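Next come the chains, spelled out residue by residue.
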Amino acid sequence: MASPPPPPKLPIPGRRNILITSALPYVNNVPHLGNIIGCVLSADVFARYCRLRGYNAIYICGTDEYGTATETKALEEKCSPKEICDKYHVIHDEVYKWFDIKFDKFGRTSAPEQTEVCQAIFHKLMENKWLTENTMQQLYCDTCERFLADRLVEGKCPTEGCNYEAARGDQCENCSKLLNPTELIDPKCKVCKNAPRIRDTDHLFLELPLLSDKLVNYINNTSVAGMWSQNAIQATNAWLKEGLKQRCITRDLKWGVPVPHEKYKDKVFYVWFDAPIGYISITASYTPDWEKWWKDPDNVELFQFMGKDNVPFHTVMFPSTLLGTGENWTMMKTISVTEYLNYEA
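Described below are features of the structure shown in this document.

What counts and how
- Residues numbered from 1 in each chain as written.
- Predicted model: local features only at pLDDT ≥ 70, side-chain atom pairs only at ≥ 80, totals over all residues.
- Heavy atoms only, no water.
- Pairing = 2+ DSSP bridges.
- Helix = DSSP H or I, 4+ residues; strand = E, 2+ residues; numbered from the N terminus.
- Expected span 1.5 Å × (residues − 1).
- Bend = angle between axes of the 7 residues up to and from the residue.
- Buried < 20%, exposed > 50% of the residue type's maximum accessible area, 1.4 Å probe, protein only.
- Contact = heavy atoms within 4.5 Å.
- Core = buried A, V, L, I, M, F, W, Y, C linked by side-chain atoms within 4.5 Å.
- Axes fitted to C-alpha atoms, helices over the stretch in contact; angles between N-to-C directions.

In this section: the sheet that holds strand E6 (residues 153-156). Read across the sheet, three strands follow the order E7-E6-E8 without closing on themselves; strand pairing throughout is antiparallel. Strands at the two margins of the open sheet, each flanked by one partner only, are strand E7 (167-168) and strand E8 (185-189).

Here helix H1 (residues 33-52) contains 20 residues, and its C-alpha end-to-end distance of 26 Å stays within 8% of the 28 Å for a straight helix at 1.5 Å per residue. Where H1 bends most, at valine 40, the angle is about 45°. Considered for burial, the residues of H1 that qualify are Asn35, Ile36, Gly38, Cys39, Val40, Ala43, Asp44, Phe46, Ala47 and Cys50. Among the structural elements, strand E1 (17-22), strand E2 (56-63), helix H3 (81-98), strand E13 (300-307) and strand E14 (332-338) are those in contact with the buried residues of H1. With its phi angle positive at about 85°, glycine 54 sits one or two positions after the end of H1.

With that out of the way, let us pick up the nonpolar core. Of all hydrophobic cores here, the largest spans 85 residues; its most connected members are Ile20, Ile121, Ile280 and Trp294. Core analysis: the next-biggest nonpolar cluster, separate from the first, contains 12 residues, Cys157, Cys162, Ala167 and Leu179 among them.

With that settled, the discussion passes to the sheet that holds strand E3 (residues 105-108). Note on sheets: strands pair through backbone hydrogen bonds, and any given pair is parallel or antiparallel. Here five strands make up an open sheet; going across it, the order is E3-E2-E1-E13-E14 and the pairing parallel. Of all the strands in the sheet, just E3 and E14 have a single pairing partner and so form its edges. In this sheet, adjacent strand axes meet at a mean angle of 20° when their direction is disregarded. Pairing between E1 and E13: six bridges, direction parallel. Across the sheet, serine 22 pairs through a bridge with phenylalanine 305, a residue of E13. Packing of helix H8 (residues 277-286) onto the sheet brings it into contact with E1, E2, E3 and E13, and relative to E2 it is tilted by some 110°.

Shown next, in the form of structure tokens:
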């Protein structure tokens, strides 16, 4: 008979309490070497080190299940997004178990805790007036009769000197430049391959420029105290140098955390607003006392592991979101960033 799982660990006064996360892998495919090398293995090694040193550490990860990537895969496999998530979450879990990765919790962002935490953070941002409404132009496919989210569009990268032919609507995988779908040259709908047209749609935006003083203060203090790696500092400074812009947090999709606002009830949160919140919600599914880890910056140190393409979301977007709530969150202290793994058979 299997022994019952140990009770969840909570921060212990007077001990070194360390909260470790690795970037949540998208659930829409089988994990590859890049996932393992990029953030999971390094975080696991650090978690083992912390346990050996006698620190009170927990290691949190899970599958990132919402957004266009899942909807696209579901269209390909002719099933529902939930069926895709159920299928691939098990595969991810088994792969990491095979590698003997010792998570304290490997969860899912489609769990009910994600909706609760995400919507609570949204309400705080609304209350504190860090969100604004704006009309934006978005690509609309007449054939599919839907607005096309970032990952449902492909085209040529507009960045000078890149010209990558299969750039996605949110980011070019060749030059790592963040994009808007309307910037793509000769865009095509990924589903039907027809050219979409531009149409107006209303969305909610996080006012990053108004939060910049709080954010820069956090970055300046923490990058020194947390000894951020050079590649993390460079990627963050590149965003700051370009000037922070308001960032859309809603999407015209069905598969995601619903926006709790009458006008936007048919929309969901943009996956890069809700995905980092997954670290918190997965901790909430690990223990109902999750706030003891996530709202105690004086007694908990947060270490986050990821590949270099994820840096701005963890050093700019996620901290801005937490700072905007006005609550006493455990903010990231140290970031570990891995360069791309270039593998040739």
